[in-house]
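Listed here are the chains, written in short residue letters.
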Amino acid sequence: MKSFSTLSFFLALAAAGCNAERVSSSPSSLREQEIVRFRSAPGKAPVLFGQVQAVDDAGRYPMATSSVSVDGNVYYTNALGIYRVPVSVGKHQLVVEHTGVRSSRASVKVEPGDSMQVNFYLRYTD
């Protein structure tokens with residue numbers, strides 16, 4: 001399986017109602033999650049979106065049917081490990097789980113006019 005392609009990334013942005021203006025990003029080194037803030041298209045409600053991937057020494061692999069809990073409400077990733085959740089402005093807690101990998105948590109604060117991409121990189125359990 002391949003990781004999220006650049007084209008798929010921009011298609012997900014368009015589906016989330018975002019333009020490609022990157023406002024801020026965390027450092028690019030590999031870790032449990034990556035958070036990127038985007039300006040939403042005018043009139044669009046904020047969205048949390050991203051991809052869940054399993055990581056090992058050979059690469060990254062999309063995790064279909066991973067549970068993504070946003071403020072206690074559970075959603076699931078699609079076949080490419082992608083999720084999209086409309087949210088309100090404010091603070092949100094995300095918890096991602098899937099059998100066979102370590103779970104991960106993230107806290108984000110969505111500002112007016114922003115949407116956020118939150119990618120998760122989960123390590124296989126021993």
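Criteria and cut-off values
Residues numbered from 1 in each chain as written. Predicted model: local features only at pLDDT ≥ 70, side-chain atom pairs only at ≥ 80, totals over all residues. Heavy atoms only, no water. Pairing = 2+ DSSP bridges. Helix = DSSP H or I, 4+ residues; strand = E, 2+ residues; numbered from the N terminus. Axes fitted to C-alpha atoms, helices over the stretch in contact; angles between N-to-C directions. Phe/Tyr/Trp six-rings, centres within 6.5 Å; stacked < 30°, edge-to-face > 60°. Lys NZ or Arg CZ within 6 Å of the ring centre and 35° of its normal.

Caption draft 1: Molecular detail of the sheet that holds strand S5 (residues 67-70). Strand order across the open sheet formed by four strands is S6-S5-S8-S9, with antiparallel pairing between neighbours. The strands lining the two open edges of the sheet, one partner per strand, are strand S6 (73-76) and strand S9 (104-110). Put simply, the sheet's adjacent strands are angled 25° from each other on average, direction ignored. With seven bridges joining them, strand S8 (residues 90-97) and S9 adopt antiparallel strand pairing. Considered in S9, the bridge of His92 is made with Val108.

Caption draft 2: Quick peek at the packing of aromatic side chains. Going through the model one piece at a time under the given rule, you end up with one aromatic pair. Over the aromatic face of Tyr121 sits the side chain of Arg60, whose NZ or CZ is 4.4 Å from the ring centroid.

The quantities given are spatial measurements derived from coordinates; they are silent on function.
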